[in-house]
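Here is what each chain is made of, one letter per residue.
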Amino acid sequence: MHYRAGMKLIEVVVVVLCLGIVLALLIPTIGSKGPTGRSQCSTNLKNLALAAVLYDSSRGQLPGYLNDFGTFMSTVEPSRTDLKQENLRMHRKIGSWTVSLLPWLDAQPTYEVWTEDRYAIVAFGASLKETTPEGYLAGAAPNLAIFRCPSDPTIADRAYGSNSYVCNSGMYHRGPAGEEEWTITRLYGTSVAMDLERSMAVANGAFNNQVACVDALGNPVSVGPNVSLKDFKDGLGNTILFSENLQALPWYRIGFATAPELVVNDPSQPIRYPYAARYVNGMVWHYEDPKELNGSTDVKPIHRINGTAGAKNKDALAAIEVNPINAADVARPSSAHVDGVNVGMADGRTQFIADSIDYRVYQALLTPHGKRSDVPFPDFVLIDESF
């Protein structure tokens, strides 16, 4: 007896289902250059968010945008006999939020460069192959994949500390004319004196200054309160911890400070507050409102997600270079992705946020407790449909 070769109906159905599953897995990555595009960037931010959650679980608080990792006391480096004594100075080990999270990002050796006594961070007179342009030893500032968005066109040629990500550093504290101290009028007419200390209130953001510094006149600079995930009254899933930013400086940078600014004569000597430390690896919200409520101004285009001074243009966006003048303006989410940015939320997940969202939504996503924050319209309630 002869049997006709072919597939049974059930076999055809199984094959079709298998093909459907394969296509469902492949389609989301087609527009994001596979695992090296938007999806890899999302994975990086997820790992950053989870690292922050673990840090909070271990320390009872989130790190600051500035953190103190001790003082390098000696002018001798036992593990680096190739470095001459004149290349080393006593200096403060001040790092950003990135350094604090290194142990939870599979980068313990780099973390120890910043925290163990046997290592030096800054050097003088060493060869260019040994130091970053700012004077950090190369071992303290490697390129780490976790800080690199594959779609970020600004990091390709960076030899040290490539970085595509920023933390939620809360409220921009200066007034409309750049005043360090000014007055805002909250909803229902309540006046509030605003300055750096007030702007770092727990309700206004997630990452504060945690280093005792002085300003140019030698006056103490405010240290912010400790912020824990327990303080996030709007919900962990409604508060952003990290975002992409095309203007982010290398992850080891603290403002525009260089090695000489970290040198001290004794361990108790405070350093000068690094200018723009809150902005170059952070994002802020401004006291602005789409309806110009409570003495605020209308939202400047550059302060919005993927914002530029003019039209939203990806080439123009990537071409912006951060400097001491524009640092606070470009401290907002930005990316090379189409129509939005990836962000890491306080519950450890990631989300894609459209750059067309209302500025009130952006403010709500950065404030852990919106109703008690200093946004112009604190009665705004964030719901899932908002973003």
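Residues numbered from 1 in each chain as written. Predicted model: local features only at pLDDT ≥ 70, side-chain atom pairs only at ≥ 80, totals over all residues. Heavy atoms only, no water.

S.K.: What is the right way to read the side chain of T98 from this model?
M.R.: Tracing the backbone through its elements, the reader meets T98 in helix 3 (residues 97-101). Judged by relative accessible area, T98 falls into the buried class, the value being 0%. A polar atom in the side chain of T98 sits 2.6 Å from the side chain of S96. Not counting residues within four places of it along the chain, the set of residues in contact with T98 comprises F147 and W251. (Helix = DSSP H or I, 4+ residues; strand = E, 2+ residues; numbered from the N terminus. Buried < 20%, exposed > 50% of the residue type's maximum accessible area, 1.4 Å probe, protein only. Polar contact = N/O pair within 3.5 Å; in protein donor to acceptor, adjacent residues only side chain to side chain. Contact = heavy atoms within 4.5 Å.)

S.K.: How should I be thinking about the layout of surface pockets in this particular structure?
M.R.: Empty space among the atoms becomes visible once a probe the size of a water molecule is rolled across them. A volume near 920 Å³ is recorded for the largest pocket. Together, 43 residues line the largest pocket, and H173, R174, E180, Y275 and Y279 are the ones closest to its centre. For the lining of the largest pocket, the secondary-structure elements that each account for two or more residues are helix 5 (196-199) and strand 7 (220-221). Here the residues of the lining of the largest pocket are counted per class, giving 21 nonpolar, 10 polar and 12 charged. (1 Å grid on protein atoms, 1.4 Å probe; cavity = no way out; pocket = protein on both sides within 12 Å on 5 of 7 lines; lining within 4 Å. Points joined across faces, edges and corners; volume = space filled by probe spheres on them. Nonpolar A, V, L, I, M, F, W, Y, C, P; charged D, E, K, R; others polar.)

S.K.: Looking at this structure, how should I read the sheet that holds strand 3 (residues 165-171)?
M.R.: Sheet strands line up and pair through hydrogen bonds in the backbone, either parallel or antiparallel. Spatially, 5 strands are ordered 9-3-8-10-11 in an open sheet, and the strand pairing comes out mixed. With one partner strand each, in any of the chains shown, strand 9 (282-285) and strand 11 (350-354) form the two edges of the open sheet. Across the sheet, the axes of successive neighbouring strands diverge by a mean angle of 35°, strand direction being ignored. Where strand 8 (residues 240-244) meets strand 10 (residues 340-345), 3 bridges bridge the pair, whose relative direction is antiparallel. (Pairing = 2+ DSSP bridges. Axes fitted to C-alpha atoms, helices over the stretch in contact; angles between N-to-C directions.)

S.K.: How do you make sense of the nonpolar core when you look at a structure like this?
M.R.: Inside soluble globular proteins, nonpolar side chains tend to come together where they are buried. Residues L48, Y65, W97, W114, F147, L241 and F242 are the most contacted members of the largest nonpolar core, which totals 57 residues. Of the residues forming this core, the biggest block, 6 residues, is contributed by helix 2 (residues 38-59). Within the second largest apolar cluster, 26 residues are counted, among which are V192, W285, M345 and Y359. (Core = buried A, V, L, I, M, F, W, Y, C linked by side-chain atoms within 4.5 Å.)

S.K.: Would you mind going over the packing of aromatic side chains with me for this structure?
M.R.: Two numbers describe a pair of aromatic rings. These are the distance of the centres and the angle of the planes. Under the defined criterion, the tally for this structure stands at 14 aromatic pairs. Ring geometry for W251 versus Y252: centroids 6.1 Å apart, planes at 85°, classification edge-to-face. Assessed through its relative accessible area of 0%, W251 is described here as buried. You can call Y252 buried: its relative accessible area is 1%. Members of the aromatic cluster, each reached through a chain of ring pairs, are F69, W97, Y111, W114, Y136, F147, F207, F242, W251 and Y252. Above the face of the F352 ring, R38 is positioned so that its terminal group lies 3.7 Å from the ring centre. (Phe/Tyr/Trp six-rings, centres within 6.5 Å; stacked < 30°, edge-to-face > 60°. Lys NZ or Arg CZ within 6 Å of the ring centre and 35° of its normal.)

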